[in-house]
Amino acid sequence: MQILITHGSMARSRVLHFNRWQLLGGLAALTLMLTLLSGTVYHFVFLKAARDGWPVVSQIMKLMVRDEFAQRDRFMRENLDAMARKVGEMQAKLVKLEAMGERVSGMAGVKPEELVHIVKPPEAEGGKGGPFVPANSPSLEQLNGLVGALDEQTEQNTDLFTMIESRLLEQRLQSLMVPNSRPVDVAVGSGFGFRTDPFSGRAALHTGLDFPSEVGTPIKAAAGGVVLTTEDHPAYGHVVELDHGRGLVTRYAHSSKVLVKTGDIVKRGQLIALVGTSGRSTGPHLHFEVLVDGVPQNPAKFLAAGNAAQRTAAATAKARKREQDADR
C-alpha cells in the first residue's frame, strides 16, 4: 500500500510505503486506542453525569440501568418459577415413592415401627407458631430449603428401599435353601411312612420318597447348598448329602454315579448324580430324604410347598400381564 503526500503545486511529493503486516498492526493499534477512549469517556463522562445529575445524560443512564435490572429480575424470576415447578414435581414423585415403599415394606415383612425413624422423623414437642407468609412466589432461600428437605427425604427413602431389598434378598435366599424342587421329574413310587419292607416282608418305616426311574436318569439338587458327603453306604449305596443350613439336609441314595464331591457348592436344579440301583435296592430308583436336625421329615410337604409357590407365582405373573394389557 502507498500513500502520496504533497504540500503544494511546487512542493516535492513524498510517498509512504506500507506492507500488509504494518497495516494490520496500525488497525489493531487504532482499535485499541478507540476502546480505551470509549472506556474513558464512559467512566469520566457518563458515570460523572449519573452521579452529578446532569440533565440529559443522567436520564439516559437511569433508563439503561433500569432496563438492565428489569431484564435481570425477569430472568431470575423465570428461573425461580421453573425451579419451583421442578421442586413440586420432585415432591409428587417422592410422595408416590413413599406410598410404594409402605406397600413393598409390608410385602417384605418390614414392621411399621421399624420405619418410623426412617420415613418420618419424630418432631419436637412444644408450642409452634410464627408469622403467616403466603408462598405465592418462592424466593431463592425458600427453594434452597425445599431442595435440602427433598435431598434428606431422598436419602431416607434410599435407606428404606435398601432395608426392603435386604429383607427380600434374605427371603429369596431362604426360599432357595428350602428343598421344594423335585430332584427327578417322575411320579412317586413309594411314599414316606410305614410300609412292608421289600426284603424282610415286615412293617418298617420308609424315611423318604422313592422315584422309580431308568438307570442314568439325571438327579438334580432340590435346593442350593453345600455337598456334605459323598460315600458308598451299605444301605443307601452311592449317596449324596447336601447341607442347606439351619440343620436342614437332603439325601439322594442308590445312584449309579455321583457327579459332585464333598465341599462343592451347588445351586437349585444342578445335576449332582445319576439314578441307579446301588445299595439295598430292588431296582433302579432315587431314594430322596429330607432331614431336620437329623430327624427324617416327609419330603412331600416340602415339594407340595414348592408346587404351591410356583402356582402362586404363575398366577401373579398372569394377573400382572392382564393389568398391563388393560392399561394399554
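All figures in this text were calculated on a predicted structure; none of them were measured in a lab.

(A) Representation of the overall build of the protein chain within the structure. In terms of regular secondary structure, the protein chain is built from five helices and 13 strands. Taken over 328 residues, the protein chain has a buried fraction of 23%. Contacts spanning at least 24 positions in sequence make up 62% of the contacts within the protein chain whose residues lie at least 6 apart. Summing over all exposed atoms, the protein chain offers an accessible surface of approximately 22,500 Å²; the carbon and sulfur share of this is 60%.

(B) Spotlight on the environment of Thr277. Among the structural elements, Thr277 can be located in the loop between β11 (271–275) and β12 (285–292). Here the alpha-carbon distance between Thr277 and Ser256, two residues 21 residues apart in the chain, equals 6.5 Å. Thr277 has contacts with His254, Thr282, Gly283 and Pro284, leaving out every residue within four places of it along the chain. A distance of 3.3 Å separates a polar side-chain atom of Thr277 from the backbone oxygen of Gly283.

(C) View of the side chain of His244. In this structure, His244 sits in the loop between β8 (237–243) and β9 (248–258). In contact with His244, other than residues within four places in its own chain, are Met177, Ala223, Gly224, Gly225, Val249 and Thr250.

(D) Spatial organisation of the confidence of the model for the protein chain. Taken as a whole, the protein chain shows an average pLDDT of 77; of its residues, 61% reach a score of 70 or greater. Ignoring residues within four places in sequence, the model shows residues 117–121, a span with pLDDT below 50, making eleven contacts including any to other chains.

(E) A nonpolar patch on the surface, seen in detail. There is a patch of nonpolar side chains on the surface, built from Trp21, Leu23, Leu24, Leu27, Leu30, Leu34 and Leu37 and spanning about 730 Å² of accessible area. With respect to the secondary-structure elements, Leu24 resides in helix α1 (residues 20–52).

(F) Examining the nonpolar core more closely. Within the largest apolar cluster, 20 residues are counted, with the highest numbers of intra-cluster contacts made by Ile219, Val240, Leu242, Tyr252, Ile272 and Leu286. When contributions to this core are tallied by element, the ones reaching two or more residues are β5 (209–212), β8, β9, β11 and β12. With near-sequence residues (within four places) excluded, Val240 lies in contact with Val227, Thr229, Thr230, Thr250, Arg251, Tyr252, Val258, Val260, Ile272 and Ala273.

(G) Expanded view of the environment of Gly247. Tracing the chain through its elements places Gly247 in the loop between β8 and β9. Distance in space between the C-alpha atoms of Gly247 and Leu291 is 7.8 Å, their sequence separation being 44 residues. Those residues in contact with Gly247 that lie beyond four places of it in its chain are Leu291, Val292 and Asp293.

(H) Representation of the environment of Leu274 within the structure. Looking at the secondary structure, you find Leu274 in strand β11. Sequence-wise, Leu274 and Ser255 are 19 residues apart; in three dimensions their C-alpha atoms are separated by 5.4 Å. Dropping the residues within four chain positions of it, Leu274 is found in contact with Gly216, Thr217, Pro218, Ile219, Ser255, Ser256, Lys257 and Leu259.

(I) Structural view of a positive patch on the surface. Together, Arg85, Lys86, Lys93 and Lys96 make up a positively charged patch on the protein surface. Assignment of secondary structure puts Lys93 in helix α2 (residues 57–108). A relative accessible area of 57% means that Lys93 is categorised as exposed.

(J) Examining the packing of aromatic side chains more closely. Inspection of every chain in the model, using the stated rule, returns one aromatic pair. Here Tyr252 and Phe288 contribute two aromatic rings whose centre-to-centre distance is 5.3 Å and whose plane-to-plane angle is 40 degrees, an arrangement assigned as tilted. Placement of the pair is Tyr252 in strand β9 and Phe288 in strand β12, with a sequence separation of 36 residues. The buried category is assigned to Phe288, whose relative accessible area is 0%.

(K) Quick peek at unusual backbone geometry. Located in the positive-phi region is His254, a residue other than glycine, with phi close to 65 degrees. Along the polypeptide, His254 turns up in strand β9. Its identity is not glycine, yet Asp293 carries a phi of approximately 55 degrees, on the positive side. Locating Asp293 in the fold gives a position in the loop between β12 and β13 (295–297).

(L) A look at the side chain of His206. Mapping His206 onto the fold places it in strand β4 (residues 203–206). A polar atom in the side chain of His206 sits 3.2 Å from the side chain of Asp210.

(M) Local environment of the pairing of β4. Across four bridges, strand β3 (residues 193–196) lies against β4 in antiparallel orientation. The partner of Thr196 across the bridge, within β4, is Ala203. Joining the antiparallel neighbours β3 and β4 is a turn of six residues, in which Gly201 adopts a positive phi near 80 degrees.

Conventions we followed
- Residues numbered from 1 in each chain as written.
- Predicted model: local features only at pLDDT ≥ 70, side-chain atom pairs only at ≥ 80, totals over all residues.
- Heavy atoms only, no water.
- Helix = DSSP H or I, 4+ residues; strand = E, 2+ residues; numbered from the N terminus.
- Buried < 20%, exposed > 50% of the residue type's maximum accessible area, 1.4 Å probe, protein only.
- Contact = heavy atoms within 4.5 Å.
- Areas by Shrake-Rupley, 256 points an atom, 1.4 Å probe, with all protein chains shown as cover.
- Polar contact = N/O pair within 3.5 Å; in protein donor to acceptor, adjacent residues only side chain to side chain.
- pLDDT = per-residue confidence, 0-100.
- Patch = residues over 30% accessible without salt bridge, like charges linked within 9 Å, V, L, I, M, F, W, Y side chains within 5 Å.
- Salt bridge = Lys/Arg side-chain N within 4 Å of Asp/Glu carboxyl O.
- Core = buried A, V, L, I, M, F, W, Y, C linked by side-chain atoms within 4.5 Å.
- Lys, Arg positive; Asp, Glu negative; His and termini not counted.
- Charge placed at Lys NZ, Arg CZ, Asp CG, Glu CD.
- Phe/Tyr/Trp six-rings, centres within 6.5 Å; stacked < 30°, edge-to-face > 60°.
- Pairing = 2+ DSSP bridges.

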